[in-house]
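Listed below, chain by chain, are the residues.
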Amino acid sequence: MRKLIVTLMLATMATGVAAETYTVGQQDKSFTEEQLTIKTGDNVEFENNDPFFHNVFSLSDTKFFDLGSYPKGESRTVEFTEPGIVEVECAIHPQMKMTIEVEE
Ligand SMILES: [Cu+2]
């Protein structure tokens with residue numbers, strides 16, 4: 001019985017780790033973070049702070065996404081469900097690049 005209780009406690013602890021949400025802005029045609037390290041299950045909110053549209057996307061195997069284009073003051077959130085490296089870009093401004101490292 002004691003072993004069962006310990007097992008249940010460990011299971012609760014393992015699943016009870018709250019996911020974090022990080023914010024990365026788009027400002028002056030660049031990302032506010034060049035590099036960001038997060039953990040699997042964390043979220044990143046991409047917030048447009050420029051008075052024009054951005055279109056944040058990634059072609060990475062770790063996380064493939066396209067948030068579409070959206071204006072100043074709007075944000076869209078991506079959940080990173082697998083560990084690895086994610087290169088993030090903007091379809092409107094090719095010079096905009098950042099890297100997210102998703103740890104296990
Ligand atoms: Cu852009």
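This is a predicted model, so every value here is computed, not measured.

Overview of the nonpolar core
Right, so step 1: Core analysis: the largest hydrophobic core is formed by 19 residues, its most contacted members being Phe46, Phe65, Phe80, Val88 and Ile100.
Right, so step 2: Among the elements of the structure, strand 3 (35-39), strand 4 (43-48), strand 6 (64-70), strand 8 (84-90) and strand 9 (97-103) are those that each provide at least two residues to this core.
Right, so step 3: Once you skip the residues sitting within four places of it in the chain, Phe65 turns out to touch Phe46, Val56, Phe57, Ser58, Val78, Phe80, Val86 and Val88.

Describing the sheet that holds strand 9
Right, so step 1: The sheet built from five strands is open, its strands ordered 3-9-8-5-6 with mixed pairing. A strand with exactly one partner marks an edge of an open sheet, and here the two such strands are strand 3 and strand 6. In this sheet, neighbouring strand axes are inclined to one another by 20° on average, regardless of whether the strands run parallel or antiparallel.
Right, so step 2: Pairing of strand 3 with strand 9 involves five bridges; the strand directions are parallel. Within strand 9, the position partnered with Ile38 by the bridge is Val102.

Side note on the sheet that holds strand 1 (residues 21-27)
Right, so step 1: Judged by pairing direction, the sheet is mixed, and its four strands sit side by side in the order 2-1-4-7 without closing on themselves. At either margin of the open sheet sits one strand with a lone partner, and together these are strand 2 (30-31) and strand 7 (75-79).
Right, so step 2: When strand 4 meets strand 7, the two strands line up antiparallel, connected through five bridges. By the bridge assignment for strand 7, Glu45 is matched with Thr77.

Things to note about the side chain of Ser60
Right, so step 1: Take Ser60: it is sitting in the loop between strand 5 (54-59) and strand 6.
Right, so step 2: Its relative accessible area of 11% is what places Ser60 among the buried residues.
Right, so step 3: Among the polar contacts listed, one links the side chain of Ser60 to the backbone nitrogen of Glu87, at a separation of 2.9 Å.
Right, so step 4: With residues up to four places along the chain from it excluded, the contact list for Ser60 reads Ile85, Val86 and Glu87.

Focus: the coordination of the copper ion
Put simply, a metal with four donors set out as a tetrahedron has ideal angles of 109.5 degrees, and one with six donors set out as an octahedron has ideal angles of 90 or 180 degrees.
Right, so step 1: Donor atoms from the polypeptide that coordinate the copper ion comprise His54 (ND1), Cys90 (SG), His93 (ND1) and Met96 (SD), at 1.9 to 2.8 Å from the metal.
Right, so step 2: Each of the four donor atoms around the copper ion contributes to a set of angles spanning 91 to 130°, which defines the coordination as tetrahedral.
Right, so step 3: Linear spacing of the donor residues for the copper ion on their chain is H-x35-C-x2-H-x2-M. Here the two residues Cys90 and Met96 agree in accessibility, since each one is buried.

About the criteria used
Residues numbered from 1 in each chain as written. Predicted model: local features only at pLDDT ≥ 70, side-chain atom pairs only at ≥ 80, totals over all residues. Heavy atoms only, no water. Core = buried A, V, L, I, M, F, W, Y, C linked by side-chain atoms within 4.5 Å. Buried < 20%, exposed > 50% of the residue type's maximum accessible area, 1.4 Å probe, protein only. Helix = DSSP H or I, 4+ residues; strand = E, 2+ residues; numbered from the N terminus. Contact = heavy atoms within 4.5 Å. Pairing = 2+ DSSP bridges. Axes fitted to C-alpha atoms, helices over the stretch in contact; angles between N-to-C directions. Polar contact = N/O pair within 3.5 Å; in protein donor to acceptor, adjacent residues only side chain to side chain. Donors = N, O, S within 2.8 Å, 3.2 Å for Na, K, Ca; no water. Tetrahedral: all angles 85-135°; square planar, octahedral: opposite > 155°, others 65-115°.

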